[in-house]
Amino acid sequence: MKLTIHGAARQVTGSMHLLEVENYKILIDCGLDYERDRHLHTNEDFPFNPADIDVVILTHAHIDHSGNLPTLIRLGYEGQILSTAPTADLTELLLLDSVSIFMNKAHKGRKHSRNRGKQSNSSQPLYLQKHVMDTMERFVTIGFNKPFRLTGDIELTFIPAGHLLGAAAAVLKINDNGEEKTIAFTGDIGRKNYPVLNDPEPLPAVDYLVSEATYGGRYHTKGKTVEEALVETIDQACIKEQGRLIIPAFSIGRTQSLVFALNKIFSSGLLPPVKVFVDSPMAVMATRIFRKYHYLVNGEAQEFYNKKGDEFEFDNLTYVETLKDSRQVSNYFEPCIIISSAGMLEGGRIQDHLFYNIQNYYCTILFIGYCAKGTLGHRLLRGDPIVHIKDRDLAVYATIKQTDVLSAHGDHDDLMANVLSQDKNKLKNVFLVHGETSSMEALAATIEEAGYRATVPEKGVDYIL
Ligand SMILES: [Zn+2]
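Residues numbered from 1 in each chain as written. Predicted model: local features only at pLDDT ≥ 70, side-chain atom pairs only at ≥ 80, totals over all residues. Heavy atoms only, no water.

What to know about the sheet that holds strand 9 (residues 168–176)
And step 1. The strand order across the open sheet built from seven strands is 7-8-9-10-11-20-21, with neighbouring strands paired in mixed fashion. In this open sheet, the two strands that pair with only one neighbour each are strand 7 (148–151) and strand 21 (454–455).
And step 2. Together, strand 11 (208–212), strand 20 (429–433) and strand 21 form the strand contacts of helix 13 (residues 437–449), whose direction differs from that of strand 20 by roughly 165°. (Pairing = 2+ DSSP bridges. Helix = DSSP H or I, 4+ residues; strand = E, 2+ residues; numbered from the N terminus. Contact = heavy atoms within 4.5 Å. Axes fitted to C-alpha atoms, helices over the stretch in contact; angles between N-to-C directions.)

Structural data, given as structure tokens:
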């Protein structure tokens, strides 16, 4: 069989891996690559004919894993998309959100071209709502830990990966010309003790592992719980300074974990009540999906629900749905916490909140997730004194803070633990994807020190397994 890493090779976004067994072609993930192409149109250049793919397996809903599926279908893919049920529901939300981001960009692009008297195609939407609907029709959902036959020779099992509701590692058991081979694609690997989510489950013994490497060579801060880190920042920003705390957060996953952590803090009296706004219609829809699959949340969240009620609701919490109400949040002058998206600040209502607050000394912006290079979030984190928001250059007077307690990825030690749980005599190679080159090299070195083989694959190179 043959493995080709077509995306997230020596970079984080754009996960897309092709596994060929004889003539049967399995595509694992089909994500958007937004690191190399600001206009996204290189995402249309598939290095294979989409019509030739037999099946797609989706590890989880994040857009860097799912976001190019509608393009694949628009360009001729006719088969099924296999995922867990929550992944299918969350993917629909994320893809529809992508369409609105494309439409906004297209609108701005047309305005820009008109002003310059030129015609431009570079800001055309990559796909439309109807392509998302076509995509959703292809989903076939499979439960965790339930082997599913793709062909007489290939069996797929989804193993819970933590990270996001529904996220899974895809384990393929393959009869390759009479020889049994097992390969696992980790998707993204979550962390232990993460609010709301279950811990990642160990993988069975495999011959090949395609592992994410986002936090290769990096370690999460130890010794502080999510609640302790949040209490410290909220106390400073909202109680002592009587200011605002803005937390850019992905609406799906991160926001629900954050809301549950805040619920625990305020319901146990660790801090006096502070008004919390979750300003994101998508977060409201995502929270509904979390409620629908409540049987998949972790024991702590289940227990909280049984004893204290809904983990995503509390007295001082307001979910803001309409744009009109969102504008009212800017007129709320008491200390408050505003949670809004997008997490990397590349659009969404968070841009309005930044626009009005970035020059406010009594505002703290707390980053809780990864910000890819080239995003506004990345520019703020590296300390740019002036940033461009909504066609204006604004000086940054707000306090910029970052914490990794809510990072949904395992760190170097977690990634290594995943490898070390494997049988050294069986595991033939670990292919590293989904990380910057330095992270992959650091992780590859530790894997090899431990006596395993590791490869940092180049994009588009075939590996015969
Ligand atoms: Zn992810």
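Structural notes on the packing of aromatic side chains
Where two aromatic rings form a pair, the distance of their centres and the angle of their planes describe that pair.
And step 1. Taken as a whole and assessed by the stated rule, the structure comprises ten aromatic pairs.
And step 2. Taking the centre distance of 4.9 Å and the plane angle of 15° together, the rings of Tyr361 and Tyr397 count as stacked. Linking Tyr361 in the loop between helix 10 (350–357) and strand 16 (363–367) with Tyr397 in the loop between strand 18 (392–395) and strand 19 (399–402), this pair joins segments that are 36 residues apart in sequence.
And step 3. Taking the relative accessible area as the measure of exposure, Tyr361 reaches 56% and is therefore exposed. (Phe/Tyr/Trp six-rings, centres within 6.5 Å; stacked < 30°, edge-to-face > 60°. Buried < 20%, exposed > 50% of the residue type's maximum accessible area, 1.4 Å probe, protein only.)

Side note on the pattern of salt bridges
And step 1. Under the defined criterion, the tally for this structure stands at 21 salt bridges.
And step 2. Among the ionic pairs, Glu20 bridges to Lys25, the shortest N-O distance being 3.8 Å.
And step 3. You can call Glu20 buried: its relative accessible area is 14%.
And step 4. Notably, a salt bridge pairs Glu313 with Arg291, separated by 3.5 Å at the nearest N-O pair. Taken as a pair, Glu313 in the loop between helix 8 (299–308) and strand 14 (317–320) and Arg291 in helix 7 (residues 281–292) lie far apart in primary sequence, 22 residues in all.
And step 5. Using a relative accessible area of 37% as the deciding quantity, one classes Glu313 as partly exposed.
And step 6. Through salt bridges with shared partners, one network takes in Lys2, Glu20, Lys25 and Asp462. (Salt bridge = Lys/Arg side-chain N within 4 Å of Asp/Glu carboxyl O.)

Details of the state of the cysteines
And step 1. Scanning the model with the defined rule gives zero disulfides in all.
And step 2. Cysteine Cys238 shares no disulfide, and the gap to the nearest cysteine sulfur, in Cys336, comes to 6.9 Å.
And step 3. Not engaged in a disulfide, the cysteine Cys363 finds its nearest cysteine sulfur in Cys336; these two sulfurs lie 8.9 Å apart. (Disulfide = S-S within 2.5 Å.)

Details of the pairing of strand 15 (residues 336–340)
And step 1. A large share of strand 15 lies buried, amounting to five of its five residues.
And step 2. Burial of strand 15 is two-sided: the residues Cys336, Ile338 and Ser340 facing one way and the residues Ile337 and Ile339 facing the other way are all buried.
And step 3. Two elements, strand 12 (residues 244–248) and strand 15, share five bridges in a ladder whose sense is parallel. Each bridged residue has a counterpart across the sheet, and for Pro248 the counterpart in strand 15 is Ser340.
And step 4. Bridge count for strand 13 (residues 275–279) against strand 15 is five bridges, and the pairing is parallel. Following the sheet pairing, Val278 is matched in strand 15 by Ile339.

Describing the coordination of the zinc ion
And step 1. Taken together, His60 (NE2), His62 (ND1), His163 (NE2) and Asp188 (OD) make up the protein donors of the zinc ion, found 2.1 to 2.3 Å from the metal.
And step 2. Around the zinc ion sit four donor atoms; with metal-centred angles ranging over 90 to 168°, the donor geometry is irregular. (Donors = N, O, S within 2.8 Å, 3.2 Å for Na, K, Ca; no water. Tetrahedral: all angles 85-135°; square planar, octahedral: opposite > 155°, others 65-115°.)

As for helix 5 (residues 226–240)
Helical geometry: 3.6 residues make up each α-helical turn, so side chains three or four residues apart lie on a common side.
And step 1. The first and last C-alpha atoms of helix 5 sit 20 Å apart over 15 residues, in line with the 21 Å expected at 1.5 Å per residue.
And step 2. The sharpest bend along helix 5 comes to roughly 30°, located at Ile234.
And step 3. Considered for burial, the residues of helix 5 that qualify are Val226, Glu227, Ala229, Leu230, Val231, Thr233, Ile234, Ala237 and Cys238.
And step 4. Next to the buried residues of helix 5 lie strand 12, helix 6 (254–267), strand 15, strand 16 and strand 19.
And step 5. Where helix 5 ends, the next residue or the one after it, Gln242, has phi of about 55°, a positive value. (Expected span 1.5 Å × (residues − 1). Bend = angle between axes of the 7 residues up to and from the residue.)

Scope: geometric values only; no functional claims are made or implied.
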